[in-house]
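Letter by letter, the chains look like this.
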Amino acid sequence: MDSTALPLTVHAIGHGHIDPTWLWRWTEGYEEVRATFRSALDRMDETEDFIFSASSACFYQWIKECDPELFERIKARVKEGRWEITGPFWVEPDCNIPCGESLVRHGLYSQRFFEREFGRRAVVGFNPDAFGHAGSLPQILQKLGVHYYVYMRPAPVWEMEYPDGTLFFWQSQDGSRVLAAQIPIGYDGSENNLREKVEGLRRYPFLTAGQRHILCFYGVGNHGGGPTRKAIALLESLRDEASSDYTVQFSSMEAFFEAFKGDTDESNIPVMQNELQHHARGCYSAHSEMKRLNRQVEHALMSAERFATVAWLLGVHPYPHDAFARCWQDLLYNQFHDIIAGTSLELSYEDTRDQLGAARHRADVIANAAIQSIARNIDTSAAGNTIVAINPLPWPVSAPLVAPSITERGIGRSYHIVNENEELIPSQEIRGERIDHRRRAFLAAIPAMGYRVFHARPESRRYKHALPLAYGRDFLENMWWRIEFDTHTGAITRLFDNTLKMDVVTDGAVLAAMVDNSDTWGHDLTEFRVEAGRFSAVDMRVVEAGEIMATLQIVSRYDRSEAITEFTVYRDINHIEYAMRVNWQQQYQALKLGFTTRIEDGAAVYEVPYGFQERTADGCEEPGQQWFDLTGTIEGRPYGLAILNDGKYGFDVKDGVMRVTLLRSPAYAHHDNGRFEETARWPIMDQGWHQMRFALMPHEGDWRDARVVKRAWELNAPPIAHIESAHPGHHKLQAGLFGTESDNILLSVIKCSEDGEDIIIRGYETAGRQTETRLHLPYFDKSYDIHFDPHEIKTLRVNRAAWIIKEVNLLEE
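Residues numbered from 1 in each chain as written. Predicted model: local features only at pLDDT ≥ 70, side-chain atom pairs only at ≥ 80, totals over all residues. Heavy atoms only, no water.

Caption draft 1: How the structure looks around the overall build of the protein chain. Of the regular secondary structure elements, the protein chain holds 13 helices and 45 strands. Its C-alpha atoms give the protein chain principal-axis dimensions of about 95 × 60 × 50 Å. Out of the 813 residues in the protein chain, the part that is buried amounts to 64%. Nonlocal contacts in the protein chain, meaning residues at least 24 apart in sequence, comprise 73% of its contacts between residues at least 6 apart. (Helix = DSSP H or I, 4+ residues; strand = E, 2+ residues; numbered from the N terminus. Buried < 20%, exposed > 50% of the residue type's maximum accessible area, 1.4 Å probe, protein only. Contact = heavy atoms within 4.5 Å.)

This is the structure in structure tokens:
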């Protein structure tokens with residue numbers, strides 16, 4: 001849009017955007033933060049109207065701890081109005097990989113810190129360098145008290161179309177909106193190019209109709225330094241130059257938005273209800289280990305919070321607020337966009353392993369302490385060894401569990417399992433964790449966020465089965481599915497729906513190595529389409545077969561790489577599970593897992609933070625989380641296939657073919673599409689052994705009616721088998737603590753409030769449907785009627801003294 005006739009106010013934004021790990025380790029990055037902040041304060045002493053903006057609460061917390069004098073100077077400038085606090089993130093996170101609750105915690109911990117230390121909260125969301133922004137983010141931002149959003153990527157035209165300009169209301173599917181602005185002509189600007197940048201802004205072609213205010217970011221930019229004296233002096237001279245078509249002023253992001261709103265009829269501001277994508281598609285599959293570890297820590301923390309809440313409510317263990325805060329903040333730091341994207345230095349990932357490993361361990365310790373506290377009050381005095389099966393999720397779960405090895409203590413390896421009603425439970429011996437080691441698997445139906453007691457008794461007993469389970473060297477079959485395999489390629493040749501008598505997949509679990517000429521980020525990459533080769537089978541055999549399940553193991557190889565894959569089906573539940581161990585030795589290649597379905601006219605849907613996103617099935621690489629789905633028709637019947645995972649974030653769909661990007665092997669932190677000499681021997685990513693787990697969910701009808709979302713959570717947060725010694729107790733032999741009645745309402749968070757002694761319950765509507773449901777707390781004999789709008793994220797606060805419930809925002813207010 002031609003804006004040359006409009007008199008523009010150029011809002012010069014001095015800022016200190018810093019990437020702490022792409023070029024440095026965190027210790028060096030933090031020192032760069034301190035130097036940048038000190039420099040900005042010095043510029044304020046020299047220039048009366050200079051304003052500085054900075055985000056990332058973790059940087060402020062670090063400055064407070066290591067340089068209190070500098071922190072006090074910042075507080076004084078914030079109070080004066082010359083230092084703008086933006087956020088509301090712990091760091092500048094990736095906005096496609098973190099789960100919805102992680103993004104909530106970025107805001108919760110940041111806003112509470114800002115309020116506590118500066119007496120104000122961020123109203124501007126500032127995340128300039130993230131590589132994409134999920135469409136569910138406006139609802140999260142709004143419920144964190146944020147009204148505005150500033151970002152740089154994706155850029156107009158070559159990364160994303162902005163038909164009505166780059167200043168707009170960004171609206172999520174629930175109707176929540178924030179006023180968003182894409183940063184024009186980059187977020188840096190030194191004295192060498194600042195005059196040209198201002199001139200370019202005068203002719204900027206992507207202004208919204210009637211827009212008279214425009215952002216002009218300046219400063220050394222990407223890697224610290226902040227605004228320089230010469231840049232400030234140049235802006236002062238531009239400000240003093242008389243002009244009929246533009247003026248320059250030192251400003252803040254909030255002032256820019258307020259000025260724009262003051263000059264603009266709100267009804268004329270365009271609305272964009274879409275995600276903001278794409279900048280670097282390859283980064284969602286770089287550094288597989290870190291992405292899986294991120295997923296594990298997210299679920300470990302949410303599960304530990306639920307367990308700790310139960311123990312606290314039962315009065316058997318105090319709630320560890322400080323420990324949870326430290327764990328979450330370590331996780332949030334490592335969701336910085338270059339860390340979790342896999343685009344940082346190799347050395348920085350040594351720090352990430354330490355931090356995330358420590359957070360996961362602390363979460364496990366908290367969960368174990370809560371479980372021990374609860375279990376010690378259960379009556380386990382019945383004969384045999386007691387196994388307490390514990391469900392960390394707030395809905396009932398039927399799933400296979402593996403009894404702890406210590407279960408055979410005193411009763412021998414051949415034992416049977418009964419439930420609390422002395423009913424025999426199907427079980428079978430399976431391979432253990434070392435040579436000649438065996439363990440026992442059994443099926444357990446466990447109440448919502450609860451437990452159930454089982455007893456192991458001496459001697460094996462056979463269970464009388466009503467359902468079939470068949471297997472052979474090249475097939476698996478139960479009541480629901482028949483899966484056939486090619487003995488040469490190791491791929492699925494047939495996935496047959498026994499209920500509907502219909503073929504679903506004709507070529508599945510194909511492992512294909514793809515040519516990958518892109519850099520670590522995958523700049524300018526749209527899809528992986530050229531195959532370098534495929535894995536082929538060298539061995540195929542049944543490795544588990546018994547009362548509850550059958551597992552077929554396939555060993556396949558390609559060049560120097562090897563994959564060991566195991567498909568499992570069950571006699572009594574319709575799960576199809578798929579575990580892999582891959583020894584990846586390829587360089588400058590990507591590994592794809594593909595399934596060719598018979599689905600026609602399918603819609604591709606991906607999980608995003610606290611929501612879902614439908615996208616065009618054109619084969620382009622797309623970000624997603626725990627599941628993605630293709631639903632259309634087979635033989636005229638509505639049908640779909642969902643693929644669930646435990647740590648993958650890059651996918652594509654085209655012509656009925658669904659693919660997961662498992663691994664990528666560019667060089668570390670290679671920010672250039674040009675290839676370098678192989679003889680340089682730069683360190684290559686994702687080399688060596690990797691573990692990953694999947695589940696296939698063929699389903700009749702729409703994915704919304706197939707429990708896809710909850711099944712994905714079950715894959716990522718499975719039940720726990722806890723061995724408990726014999727003792728009396730007053731708790732029931734099975735109990736559920738929390739739950740709802742609706743499959744499309746998912747309770748993700750149950751915790752103690754950040755302040756006070758209230759219960760915080762957070763859930764979201766997963767299917768885009770208005771829903772009336774009932775929240776149950778059966779142990780406490782309480783229930784509440786709850787309404788969810790389509791796509792709504794709802795937070796409830798329960799006063800545990802009076803059992804009064806009220807709706808609050810994401811800040812628990």
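Caption draft 2: Up close: the packing of aromatic side chains. All chains considered together, the criterion is met by 39 aromatic pairs. Geometrically, the ring pair formed by Tyr30 and Trp62 is tilted, given 4.8 Å between the ring centres and 50° between the ring planes. Taken together, the residues span a long stretch of sequence, with Tyr30 in helix H1 (residues 26–46) and Trp62 in helix H2 (residues 57–66) at a distance of 32 residues. Take Trp62: its relative accessible area is 18%, and that puts it in the buried class. (Phe/Tyr/Trp six-rings, centres within 6.5 Å; stacked < 30°, edge-to-face > 60°.)

Caption draft 3: Up close: the sheet that holds strand S45 (residues 804–808). Ordered by their spatial adjacency, 4 strands build an open sheet running S40-S41-S44-S45, and the pairing between neighbours is antiparallel. The two strands at the open ends of the sheet, each matched to only one other strand, are strand S40 (745–752) and S45. Mean inter-strand twist for the sheet, computed between neighbouring axes without regard to direction, equals 25°. Bridge analysis of S40 against strand S41 (residues 759–765) gives 7 bridges, and the strand direction is antiparallel. (Pairing = 2+ DSSP bridges. Axes fitted to C-alpha atoms, helices over the stretch in contact; angles between N-to-C directions.)

Caption draft 4: Quick look at the side chain of Ser56. Mapping Ser56 onto the fold places it in the loop between strand S2 (52–54) and H2. Ignoring sequence-local partners within four residues, the contact set of Ser56 consists of Thr86, Phe89, Trp90, Val91 and Glu92.

Caption draft 5: View of the side chain of Ser102. Among the structural elements, Ser102 can be located in helix H4 (residues 100–118). Ignoring sequence-local partners within four residues, the contact set of Ser102 consists of Glu298, Trp328, Leu331, Leu332 and Gln335.

Caption draft 6: Structural view of the environment of Ser414. Considering the arrangement of structural elements, one finds Ser414 in the loop between strand S12 (397–402) and strand S13 (415–418). C-alpha of Ser414 to C-alpha of Glu429: the two residues are 15 residues apart in sequence and 8.5 Å apart in space. Once residues within four sequence positions are removed from consideration, Ser414 is found in contact with Arg440, Pro458, Glu459 and Ser460.

Caption draft 7: Local environment of the packing of H2 against H4. Their axes nearest at 10 Å, the elements H2 and H4 cross at an angle of 40°. Between H2 and H4, the crossing angle belongs to the class labelled oblique. You can see that H2 and H4 cross each other, and the crossing is left-handed. Each of Ala57, Tyr60, Gln61 and Lys64 in H2 lies in contact with H4, whose residues at this interface are Ser110, Phe113, Phe114, Glu117 and Phe118. (Parallel < 35°, antiparallel > 145°, perpendicular 65-115°, else oblique. Left-handed = near helix turned anticlockwise from the far one by under 90°.)

Caption draft 8: Expanded view of the pairing of strand S1 (residues 8–15). Most of S1 sits out of view: 8 of its 8 residues are buried. Residue alternation in S1 divides its side chains into two sets, Leu8, Val10, Ala12 and Gly14 and Thr9, His11, Ile13 and His15, and both sets are buried. Bridging between S1 and strand S9 (residues 246–250) involves 5 bridges; their strand directions are parallel. Looking across to S9, one finds that His11 is bridged to Gln249. The pairing of S1 with strand S8 (residues 213–218) spans 6 bridges and is parallel.

Caption draft 9: Region of interest: the nonpolar core. Membership of the largest hydrophobic core comes to 156 residues, with the highest contact counts inside it found for Phe37, Tyr60, Ile74, Trp83 and Tyr149. For this core, the element with the most residues is helix H9 (residues 288–313), which contributes 13 residues. Setting aside its immediate chain neighbours within four residues, Trp83 contacts Phe37, Ala40, Leu41, Met44, Phe52, Ala54, Tyr60, Ile74, Arg77 and Val78. (Core = buried A, V, L, I, M, F, W, Y, C linked by side-chain atoms within 4.5 Å.)

Caption draft 10: Examining unusual backbone geometry more closely. Going from Gly87 to Pro88, the amide bond is cis rather than trans, its omega being -5°. Within the element layout of this structure, Pro88 appears in the loop between strand S3 (83–85) and H4. Residue Pro154 follows Arg153 across a cis peptide bond; omega there is 10°. In this fold, Pro154 is placed in the loop between strand S5 (148–151) and strand S6 (167–171). At Ser56, a residue that is not glycine, the phi angle is positive and equals roughly 70°. A positive phi angle, close to 70°, is found at Glu812, a residue other than glycine. For Glu812, the position within the fold is in the segment after S45.

Caption draft 11: Representation of helix H8 (residues 253–263) in the model. Along H8, the positions that sit buried rather than exposed are Met253, Phe256, Phe257 and Phe260. Buried residues of H8 fall within an arc of 95° about the axis and therefore sit on the same side. (Arc of directions from axis to C-beta.)

Caption draft 12: How the structure looks around H2. Taken together, the buried positions of H2 are Ala57, Cys58, Phe59, Tyr60, Trp62 and Ile63. Next to the buried residues of H2 lie H1, S2, helix H3 (68–80), S3, H4 and helix H10 (321–333).

Caption draft 13: Structural context of the environment of Thr228. Along the chain, Thr228 turns up in the loop between S8 and helix H7 (229–240). Accessibility expressed as a relative area gives 22% for Thr228, which makes it partly exposed. Counting along the chain gives 188 residues from Thr228 to Ala40, while the straight-line C-alpha distance between them is 8.5 Å. Residues in contact with Thr228, not counting those within four places in the same chain, are Arg43, Glu191 and Val220.

Caption draft 14: Molecular detail of the sheet that holds strand S25 (residues 549–558). Ordered by their spatial adjacency, 9 strands build an open sheet running S24-S25-S26-S27-S36-S33-S32-S29-S30, and the pairing between neighbours is antiparallel. Only two strands of the sheet have a single neighbouring strand rather than two, namely strand S24 (536–545) and strand S30 (611–615). Direction aside, the axes of adjacent strands within the sheet are offset by 20° on average. In this structure, strand S27 (residues 576–584) lies alongside strand S36 (residues 688–700), joined through 9 bridges in antiparallel fashion.

Caption draft 15: Broad picture of the pattern of salt bridges. Throughout the structure, instances matching the rule amount to 68 salt bridges. In this structure, Arg557 and Glu562 form a salt bridge, with 2.8 Å as the shortest nitrogen-oxygen distance. For Arg557, a relative accessible area of 42% corresponds to the partly exposed category. It is possible to trace a salt-bridge network through shared partners that takes in Asp42, Asp45, Arg73, Arg77, Glu80 and Arg82. (Salt bridge = Lys/Arg side-chain N within 4 Å of Asp/Glu carboxyl O.)

Caption draft 16: Region of the structure containing the pairing of strand S32 (residues 627–634). Burial runs high along S32: 7 of the 8 residues are buried. Pairing of strand S29 (residues 600–608) with S32 involves 5 bridges; the strand directions are antiparallel. What sits directly across from Ala604, in S32, is Leu630. Pairing between S32 and strand S33 (residues 637–645): 8 bridges, direction antiparallel.

Caption draft 17: Here's a closer look at the packing of H1 against H3. Interhelical geometry of H1 versus H3 gives an angle of 50° and a closest axis separation of 11 Å. In terms of orientation, H1 lies oblique with respect to H3. When you trace H1 past H3, the crossing you get is left-handed. Where H1 abuts H3, its residues Arg34, Phe37, Arg38, Leu41, Asp42, Met44 and Asp45 lie against Leu70, Arg73, Ile74 and Arg77. Residue composition of the contact of H1 with H3, by class: 5 nonpolar, no polar and 6 charged. (Nonpolar A, V, L, I, M, F, W, Y, C, P; charged D, E, K, R; others polar.)

All we've got here are geometric facts, nothing functional implied.
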